[in-house]
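Descriptive analysis of the structure
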Amino acid sequence: MAKRAILIFNLALFAVSGMFAQEFAQEQERAEEPRRPRFSLDRVIANVGNSVILYSEVVEAEQHLIERYRQVGYTPPTNPFYAAFEHMLEQKLAYNQGKIDSVNVSVVDVQSAVQETMDELVARAGSIRALEEAYNMPIFEIRDLIRRSREEQAYADAMRREVLGKVTITPGEVETYFRSFPTDSIPIIPNQFMYAHITRYPPAMTEVRQRLRERMMEMRADLIAGTSRFEVLATLYSDDRESAARGGELSEMVARDWVEEPFGTAMVKLRPGQVSEVVETERGFHLIEVLEVVGDRYRVRHILMTPRFMTDEITPALQKVDSLVGKIRSDSITFAEAARRYSDDMATRMNGGLVNNMEILRIQSGGRGVSAGMASFRFKEDEFVGPLYRDYLRLRDMQPGEVSDAFQSTDFRNNTLAKTVKLLKFIPAHEANLAEDYLVIENEALEYKMQEVYDRWLRRTIQSTFIRIDPAFRDGLDPKWVK
């Protein structure tokens, strides 16, 4: 089907959205819903605002949903077609309302997500040509489909954050939520891990970053002198491969608060045709050129370069951590003292290296501030995301008190580092109780309350938005969608 690429990113949302997981549970309860009609030709089966949903898209989403459920060991929903269809309706609705409300979306994040998806697709296919043959379309069309879907997902996620940003919960509400469960239906808390780590960046980190900065300063000098062209350098060297395909130009005009700092600060100081000094962000180093300014929106292009290390530059960090592991195991120094004296993780070193989820929460919140009260030091098995998954691969085979060998990993900004982890406590799966699992229950109660708030917003927005559902597909949907 011509639009198979769309499903790659729908799956990402299926995997992380609590809202979607709850709807799947509701689907399980609909035992006798109509099966989907089948057609040999594609057709539009729904309009939501300015968006359309094709029959082929939902069929593809259904297939990937079933595959995803089986991969994680769960039984697919009773009617996966309508589960996928309702999710797509919700995403289109939130996307359209997000555009109307002009919610903030990071174009840089979107482009990064597009490139990650493209890299994964090409790697799976084996080559760009093989990917084009698999989807029967040129690479630029595949990229454009991915970009549009990633952008849609970003607006939908931002709209959801806007709706739920001020939702809080009180201890009384948490207790009421927990007491609402029948005694034979108390939730089971899965295996949890509490652990500490020691991290060391390569000693050459400073030199590598300085070397990269100097390289980009030379590139800027060539641009100012007119001996190089920005779009050529971006195409050849930028690590943002999605924008590099357009000579470094972002896919749309952006406002200052749509991009990360200090990228935005540098951008607004430029006039059309000017090139910034080297700008450092969490992603790496940038050169920015403003092409056009319309009101508070900027059409820009950039070159992004990230530090890279040779094997011999990483080895000293691994050797240092390995030496610390030896001293800890021989009781020459405690893990907590080693973390305090030698760890490069400033957020955990003064707490004995004890790892919490604050970095994950910050990323999930789109970079907004996260209160310290939301911190958790317990990680369920499905909460080891991103680079933390490498930690889990060690911890799952360890006993409390054990310290792992040194291993190579990355931080959430993709910087290479060496690390060791110590399992402090393993909490086996058990029935939830307020004394031991208050924070877990509080989070579950907050998610439940947020779902109620979102459902109310959803129903109001459905009533104020143009929605047309093909009559042949109405019977299997929640009645709220049929006006």
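Attention here is on the structure that accompanies the text.

Glancing now at the nonpolar core. Of all hydrophobic cores here, the largest spans 73 residues; its most connected members are Phe81, Phe85 and Leu89. At 10 residues, the largest contribution of residues to this core is made by helix α7 (residues 139-164). Once residues within four sequence positions are removed from consideration, Leu89 is found in contact with Ala46, Val48, Ile53, Ile469, Leu477 and Trp481.

All chains considered together, the criterion is met by 30 salt bridges. One continuous salt-bridge network, built from bridges that share partners, spans Asp144, Arg147, Arg148 and Glu151.

On to the sheet that holds strand β2 (residues 51-54), then. Reading across the sheet, the three strands line up as β2-β1-β12 and stay open at both edges, with antiparallel pairing between neighbours. The open sheet is flanked by β2 and β12 (467-469), the only strands paired with a single partner. Mean inter-strand twist for the sheet, computed between neighbouring axes without regard to direction, equals 20°. One ladder, built from three bridges, connects strand β1 (residues 44-48) with β12; its direction is antiparallel.

What follows concerns unusual backbone geometry. In this structure, Pro262 follows Glu261 across a cis peptide bond, with omega equal to 5°. The phi torsion at Asp331 lies on the positive side, around 65°, for a residue other than glycine. When you line up the elements, Asp331 lands in the loop between α13 (311-329) and α14 (335-342). According to the relative accessible area criterion, Asp331 is exposed, its value standing at 69%.

Moving on, we get to the packing of aromatic side chains. All told, the structure shown has 19 aromatic pairs when counted by the stated rule. Ring geometry for Phe81 against Tyr82: centres 5.2 Å apart, planes inclined by 85°, an arrangement best described as edge-to-face. What links up through ring pairs into an aromatic cluster is the set Phe193, Tyr195, Phe379, Phe384, Tyr389, Tyr392 and Phe426. Cation over ring: Arg160 sits above Tyr454, and NZ or CZ is 4.5 Å from the ring centre. The positively charged end of Arg215 is found above the aromatic ring belonging to Tyr237, 5.3 Å away from the centroid.

Calculation notes
- Residues numbered from 1 in each chain as written.
- Predicted model: local features only at pLDDT ≥ 70, side-chain atom pairs only at ≥ 80, totals over all residues.
- Heavy atoms only, no water.
- Core = buried A, V, L, I, M, F, W, Y, C linked by side-chain atoms within 4.5 Å.
- Buried < 20%, exposed > 50% of the residue type's maximum accessible area, 1.4 Å probe, protein only.
- Helix = DSSP H or I, 4+ residues; strand = E, 2+ residues; numbered from the N terminus.
- Contact = heavy atoms within 4.5 Å.
- Salt bridge = Lys/Arg side-chain N within 4 Å of Asp/Glu carboxyl O.
- Pairing = 2+ DSSP bridges.
- Axes fitted to C-alpha atoms, helices over the stretch in contact; angles between N-to-C directions.
- Phe/Tyr/Trp six-rings, centres within 6.5 Å; stacked < 30°, edge-to-face > 60°.
- Lys NZ or Arg CZ within 6 Å of the ring centre and 35° of its normal.

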